[in-house]
Amino acid sequence: MNTLTHFASPQLPLLHRGKVRDSLRAPSGDRLIIVTDRLSAFDSVLETAIPHKGAVLNGLANFWFAKTAHIIPNHVLKLVDANAMLVKEAEPIKVEMIVRNYITGSMLRGYQKGQRTFSGVTVTDGLTKHQQFQEPIVTPTTKEESDREITPENLVSEGWVSKELYDQMKEKSLALFKVGSELLKEKGIILVDTKYEFGLLNGELILIDEMHTPDSSRFWSAEDYARNPETAEQMDKEYVRQWLIANKQDGQYPRALTPEVAKEASRRYLDIYERIVGEPLPTAETAAEDAPGSGRHDARARLLANLVAAGLLKDAWVNIVMGSPADKEHCEKIRQQFEGYDVFTQLRVTSAHKNGEAIAGMADIWNNSIEPGVIIAVAGLSNGLGGALAANVNVPVISCPPYKDYAELAMNLNSSVIMPSGTPNLTVVRPDNAAQGALRALNLPRLRERLNKDILATKAKLRAADEEFKQL
């Protein structure tokens, strides 16, 4: 099945790559959040992605943000794609507000060991597994490398938040939990516990991140809970966690899921989406995986098309990489040739000989870019740059060496032309031809149509000149 596991683009600076979400800076200055199909469990990201998971999380978050906007403003600007959301850039508050209505999970394990106070909240003796509290409780944790329980008083004394801000966050968290619990109850689902994250935008408290999703919340089937509270079906990613626990070997959890487990996990994510929203996930396959119009035949192509339509990306890029800042003038000559073709261009500097280690970081973006691209390498004298790039990237590399005169070109051309095996670097001498070669290498239908017009225009000019000159 088609999955979205990684997002990269030379056009959008990466702000943060989390376990599931990739955050990038949009041209407007806002934040673009890409929700991938990656799945994390036990503090690590599994090698197996779950089809539709990212779209489920993104769609549910958007659903709940809309349902609760009357309680507190949120960061959503618009849903750009099933896997992408454009949001306002807020200052995150490094506190997770965890609301619990049942004793389960890590709290239950602590309780069974004798713990009675959790983040400053004391619970009574005699509670049984999965028992409901008299009313929901809030047990905040810090957002650090290792999150930790913390009392409201210590949140204030350690400088995480002011008392007034914490009280506001607690009030909003309980109000959000109430709305979520009531709506889910109508769907036969129990909202067991969840987390909320907040930020400040122009001094105003707003809701950020996600809410009431299978990754941020624990859900139970109300029917199962009524039958036997201790064995209630968990409708979140606990299914995957239990499989990992059951297949643990030599103290290590499996790094990958079997196809059957991944398929079942995907089914569960899709099921809870449909139960909550009341309709199937729009991008889920309703026929064969390659059926036209399924929406998920190529998730990356769909995402790229939507990002381009939203004005967040060009549909292709060209990176002009120079070996030295002294080559900038030559690079600008190449760059000028792309004017009018609506292709993103960017100048980069790295030397194959002096800081070749920088190529790996650049290549990671180029090799995983969601849109097609071409690299033009500009390096004179002993040109190791074109070959170093070509050996490490999966996009076309064209060398266009700078030169003062034909004598210098003749002396250095071999270093651009002769390459070892596995180093598919192409060499073009003229800057205009390097740009034209790059446009053709991109092989986009709209560019091919434009190039056809250019070719026809050139032919028309030549015919017109012929008609003029033959009369002389």
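Quick caveat: nothing in here was measured; it's all calculated off a predicted structure. (Residues numbered from 1 in each chain as written. Predicted model: local features only at pLDDT ≥ 70, side-chain atom pairs only at ≥ 80, totals over all residues. Heavy atoms only, no water.)

1. Quick word on the UniProt feature "domain: PurE" (unreviewed entry) in the protein chain
Here is step 1 of the chain: Taking the UniProt record as the reference, the feature "domain: PurE" (unreviewed entry) is found at residues 316–462.
Here is step 2 of the chain: When the span residues 316–462 is considered, its composition is 46% helix and 16% strand, and the gap between its end C-alpha atoms is 31 Å. (UniProt positions renumbered as here; feature names shortened; annotations may be inferred. Helix = DSSP H or I, 4+ residues; strand = E, 2+ residues; numbered from the N terminus.)

2. Considerations on the environment of Gly59
Here is step 1 of the chain: Tracing the backbone shows Gly59 in helix α1 (residues 53–67).
Here is step 2 of the chain: Sequence separation between Gly59 and Leu174 is 115 residues; the distance between their C-alpha atoms is 22 Å.

3. What about the sheet that holds strand β17 (residues 344–349)?
Here is step 1 of the chain: Read from one edge of the open sheet, five strands run β17-β16-β18-β19-β20, paired in parallel fashion. Looking along the sheet, the strands with just one partner apiece sit at the ends: β17 and β20 (425–427). Each adjacent strand pair in this sheet contributes to an overall mean axis angle of 25°, direction not counted.
Here is step 2 of the chain: Bridging between strand β16 (residues 317–322) and strand β18 (residues 373–378) involves six bridges; their strand directions are parallel. Bridging across to β18, Met322 finds its partner in Val378.
Here is step 3 of the chain: In the packing of helix α13 (residues 431–442) onto the sheet, contacts are made with β16, β18 and β19 (397–399), and the angle to β18 comes to roughly 155°. (Pairing = 2+ DSSP bridges. Axes fitted to C-alpha atoms, helices over the stretch in contact; angles between N-to-C directions. Contact = heavy atoms within 4.5 Å.)

4. Focus on the pattern of salt bridges
Here is step 1 of the chain: Counted by the stated rule, this structure contains 29 salt bridges.
Here is step 2 of the chain: Between Arg21 and Glu210 there is a salt bridge, and its shortest N-O distance comes to 2.9 Å. With Arg21 in strand β2 (residues 21–25) and Glu210 in the loop between β14 (204–208) and β15 (217–221), the pair connects residues that are 189 residues apart, well separated along the chain.
Here is step 3 of the chain: On the basis of relative accessible area, Glu210 is assigned to the buried category, the value being 5%.
Here is step 4 of the chain: Its salt-bridge partner being Lys470, residue Glu467 comes within 3.1 Å of it at the nearest N-O pair.
Here is step 5 of the chain: Each of Glu96, Lys143, Lys195, Glu197 and Asp209 takes part in salt bridges that share partners, so that together they form one network. (Salt bridge = Lys/Arg side-chain N within 4 Å of Asp/Glu carboxyl O. Buried < 20%, exposed > 50% of the residue type's maximum accessible area, 1.4 Å probe, protein only.)

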